[in-house]
Amino acid sequence: MNLRLEYFETADQELALRRESLADIDFYKYTMGQWILENGLGGTEVTFELIVRDPNIKLAQVIPENELREALDRKRDLRHLPVEIKFLRDMQADGKNVFGERYLQFLERFQLPPYELKREGDQYHLTFTGKWIEVTMWETIALAVISELYYTKLGEGHLTTDEYVAMLKKASDKLYRKLDRIAQYPGIRFSDFCQRRRNSFMWQKFAVGVAKSALPKQFIGTSNTWMAMHHNVPVVGTMAHEIFMVLAALARSGGDLRDSQYRVLARWMELYGPKFRVFLADTYRTPEFLKHAPAWIAHHYSGMRLDSGNLAHNGHLYIDWLKGHGVDPMERFVVPSDGLDDEDMIRLHLEFQDKIDHFFGWGTLFGNDFRDCAPPSLIGFRPFSVVCKVTRVAGRHAVKLSDNRGKETGPKIEVDRYKGTFGIQDVNTQPIV
């Protein structure tokens, strides 16, 4: 999964200077995009919708509508540069090219599709509807746009130049302190996962550069394709909940729905080798997933990402499940990635060491921890939870259950139907960072 990729110095030097690029996107959008294409699902009509989980964040009070439209429209003007296509074309894993020419040719022609935006009170209703293979690319791009615009506009007119510089100094000092603590545990390895909720493009670029320089043996890469190219670090990513949600929404019966998540993994295994076989189990709850999961997943998948609920508990569920199928957990790994900070990674490292291999996806609090760095008057200058999730598939509602009730998406009647189908009795609600 973590591939050492070369950045070609002979490539168009503009790439290193560009402020905006279609490759400024989470890498899993490419791996999932190829999966969508190769499984004949590219034309399926899908809707993604912006969901602000934090009720105290009023986007429309901060971001002017015209500026949000301008930012989204600029993204629609972008195309992949030849060097970006070359980067993907030359990528290899398990002895073969990761991406085939059919998908690369699609990317060469690709333009982000239209969006729908309207203000509803203090929030924006932002949706992307169209062919799945096209609208899927909006997810992490739109979230990065929203996040950066929010912090930019929040600071404009409220921060003097000296206050702004002081804020950046505090945030950078905080990042260095975290990295110093992590350095005390050489067994901790982590990747940048902050794309979707970063403070800004430049801050992510800075944070990745600092981590690479300060902890070269522990920092193992970034999920952002542009950052991987620019900093010459491994690019990290496989799949997200999206593909499980779409196949579940297309299911025709209860049994078909229950088995849909395993069909996702069977089809994924046909396309990708061991380096990219890292699965999610929490879309419809980890205990239920593992209870009914076929043995071939234990034997042919390299690891599991832990993205909600009690990460230590779910990690131990995976360890026990592997042992039950005769697989040595030390030959597999887990990737905790839910709301982590340095202290969480240290705690989980101590929990999992000598039990299962592991590395961490460090997201929001790696690339956007400005808590207590801005002047007290800017009370909104803090990380907040915002997602862009699939809400409809071919006219049907899409559902995500998660191991945290606070992350459930979908109308209640459909959520209840899914819970009944999967045999879910109760799900805890946990704070969302």
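Keep in mind that what you see is a predicted model, and the values were worked out from it rather than measured.

Draft legend 1. A look at the pairing of strand E7 (residues 219-222). Sheet analysis places strand E6 (residues 190-192) next to E7, joined by three bridges and oriented parallel. Pairing of Phe 190 across the sheet is with Phe 219, part of E7. With helix H10 (residues 201-214) bridging E6 and the parallel E7, this β-α-β connection has right-handed handedness.

Draft legend 2. Just the packing of aromatic side chains, in detail. For the structure on display, the rule yields 34 aromatic pairs. Aromatic pair Tyr 115 and Trp 138: ring centres 6.1 Å apart, planes at 80°, arrangement edge-to-face. Of this pair, Tyr 115 sits in the loop between helix H6 (101-109) and strand E4 (116-120) while Trp 138 is found in helix H8 (residues 138-155), placing the two residues 23 residues apart along the sequence. Comparing Tyr 115 with Trp 138 shows no difference in burial state: the two are buried. A connected cluster of aromatic rings, assembled from ring pairs, spans Phe 27, Tyr 30, Phe 99, Tyr 103, Phe 106, Phe 110, Trp 268, Tyr 272 and Phe 276.

Draft legend 3. Region of interest: helix H2 (residues 28-38). Among the eleven residues in H2, ten count as buried, and that is most of the element. Taken together, the buried positions of H2 are occupied by Tyr 28, Lys 29, Tyr 30, Thr 31, Met 32, Gly 33, Gln 34, Trp 35, Ile 36 and Leu 37. Looking at the residues trailing H2, positive phi occurs at Gly 40, about 70°.

Draft legend 4. Fine view of the packing of H2 against helix H13 (residues 254-271). Contact geometry of H2 with H13 gives a least axis separation of 11 Å together with a crossing angle of 100°. The orientation of H2 with respect to H13, classified from their angle, is roughly perpendicular. Contact residues: Thr 31, Met 32, Gln 34, Trp 35 and Glu 38 in H2; Val 264, Arg 267, Trp 268 and Leu 271 in H13. Classifying every residue of the contact of H2 with H13 gives five nonpolar, two polar and two charged.

Draft legend 5. Here's a closer look at the environment of Gln 425. Structurally, Gln 425 is set in the segment after helix H19 (412-422). Through-space distance from the C-alpha of Gln 425 to that of Trp 268 is 29 Å; in sequence the pair is 157 residues apart.

Draft legend 6. Main features of the side chain of Ser 172. Structurally, the position occupied by Ser 172 is in helix H9 (residues 161-183). Dropping the residues within four chain positions of it, Ser 172 is found in contact with Trp 203 and Phe 206.

Draft legend 7. A look at the nonpolar core. Residues Tyr 30, Trp 35, Phe 99, Phe 190 and Phe 279 are the most contacted members of the largest nonpolar core, which totals 145 residues. In terms of residue count, H8 provides more of this core than any other element does, ten residues in total. Among the nonpolar cores identified, the runner-up in size contains seven residues, and Phe 193, Val 278, Val 335 and Phe 359 belong to it.

Draft legend 8. Quick look at the sheet that holds strand E14 (residues 396-397). Taken in spatial order, the five strands make up an open sheet running E4-E5-E1-E13-E14, and their pairing is antiparallel. Every interior strand has two partners, whereas the edge strands, E4 and E14, have only one. Sheet topology places strand E1 (residues 45-52) next to strand E5 (residues 123-131); five bridges connect them, and they run antiparallel. Across the sheet, Thr 47 pairs through a bridge with Thr 129, a residue of E5. Strands E1, strand E13 (386-393) and E14 of the sheet are contacted by helix H12 (residues 241-249), whose axis makes an angle of about 20° with E13.

Draft legend 9. Just the sheet that holds strand E12 (residues 360-362), in detail. Ordered in space as E7-E6-E12, the three strands form an open sheet in which the pairing is parallel. Edge positions in the sheet fall to E7 and E12, since each has one partner strand and no second. Ignoring which end each strand starts from, the neighbouring axes of this sheet average 30° apart. In terms of strand pairing, E6 meets E12 through three bridges, oriented parallel.

Draft legend 10. Structural context of the pairing of E13. The element E13 is extensively covered by neighbouring structure, given that seven of its eight residues are classed as buried. Of the strand pairs in this sheet, E1 and E13 are connected by seven bridges, and their pairing is antiparallel. Bridging across to E13, Val 46 finds its partner in Val 393. As judged from the two bridges shared by E13 and E14, these two strands associate in the antiparallel manner. When the sheet's bridge partners are listed, Val 393 is paired in E14 with Arg 396.

The rules we used
- Residues numbered from 1 in each chain as written.
- Predicted model: local features only at pLDDT ≥ 70, side-chain atom pairs only at ≥ 80, totals over all residues.
- Heavy atoms only, no water.
- Pairing = 2+ DSSP bridges.
- Helix = DSSP H or I, 4+ residues; strand = E, 2+ residues; numbered from the N terminus.
- Right-handed = clockwise from strand over helix to strand, strands pointing away.
- Phe/Tyr/Trp six-rings, centres within 6.5 Å; stacked < 30°, edge-to-face > 60°.
- Buried < 20%, exposed > 50% of the residue type's maximum accessible area, 1.4 Å probe, protein only.
- Axes fitted to C-alpha atoms, helices over the stretch in contact; angles between N-to-C directions.
- Parallel < 35°, antiparallel > 145°, perpendicular 65-115°, else oblique.
- Contact = heavy atoms within 4.5 Å.
- Nonpolar A, V, L, I, M, F, W, Y, C, P; charged D, E, K, R; others polar.
- Core = buried A, V, L, I, M, F, W, Y, C linked by side-chain atoms within 4.5 Å.

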